[in-house]
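Descriptive structure summary
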Amino acid sequence: QVQLVESGGDLAQAGGSLRLSCAASGDIFSIAAMGWYRQAPGKQRELVATDTTGGRTDYADSVKGRFTISTDMAHNTVHLQMNGLKLEDTSVYYCYARVTRSPGDISRPYWGQGTQVTVSS
């Protein structure tokens, strides 16, 4: 099994900052990508930011310039520094990892349980 555990979700004021962290553990041979998605009530889950071991980083247009993703693949961790928070950033944030569990196996997506971020005015 693979477990992803998030931390850092909290209540913050608009314009403030939060830092989310996620650690992957369990049966991990390699990780191809780690990142963050979010889902607000009544909306579909959407990409926030992802980072691949190949060095590609993607951000949602809505967070570019405000959020920064950082990964430590050697320790299977990913962080999301969120600055300049807006009311519309309120959501449940999910950690994501694409994991290969053994040599020759295919990679599969895994998700954390989610951490709530609430931005108030």
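In short, a report on the structure. Starting from 1, residues in each chain are numbered consecutively following that chain's sequence as written. Local features in this predicted model are restricted to residues whose pLDDT is 70 or higher, and side-chain atom pairs enter the listing and the counts only when it is 80 or higher, whereas totals over whole chains, interfaces and linings include all residues. Each side-chain value is derived from all of the structure's non-hydrogen atoms; neither hydrogens nor water enter the calculation.

Focus: the environment of Pro103
With respect to the element layout, Pro103 can be found in the loop between strand S9 (91-100) and strand S10 (108-111). Burial status follows relative accessibility: with a 1.4 Å probe on protein chains alone, a residue under 20% of its type maximum counts as buried, one over 50% as exposed, and anything between as partly exposed. Looking at Pro103, the relative accessible area reads 60%, which means it is exposed. Pro103 sits 23 residues away from Leu80 along the chain, and the two C-alpha atoms are 29 Å apart. Segments assigned H or I by DSSP are reported as helices when at least four residues long, segments assigned E as strands when at least two residues long, and all are numbered from the N terminus.

Concerning the sheet that holds strand S8 (residues 77-82)
Backbone-to-backbone hydrogen bonds join strands into a sheet, with any given pair of strands oriented parallel or antiparallel. Between any two strands, pairing holds if DSSP finds at least two bridges. Reading across the sheet, the four strands line up as S1-S3-S8-S7 and stay open at both edges, with antiparallel pairing between neighbours. If you trace the sheet from one side to the other, it starts and ends with strand S1 (2-7) and strand S7 (67-72), each paired once. Averaged over all adjacent pairs, the angle separating strand axes in this sheet is 15°, with direction ignored. Pairing between strand S3 (residues 18-26) and S8: six bridges, direction antiparallel. Note on S8: the bridge partner recorded for Ala23 is Thr77. Think of each axis as a best-fit line through the C-alpha atoms, taken over the contacting stretch in the case of a helix, with angles from 0 to 180 degrees between the N-to-C directions.

Considerations on unusual backbone geometry
Outside of glycine, negative phi angles account for most residues, and trans bonds account for most peptide bonds. Even without glycine at this site, Asn76 takes up a positive phi of about 55°. For Asn76, the position within the fold is in the loop between S7 and S8. Among the residues examined, Asn76 registers a relative accessible area of 18% and is labelled buried.

Structural measurements only, silent on function.
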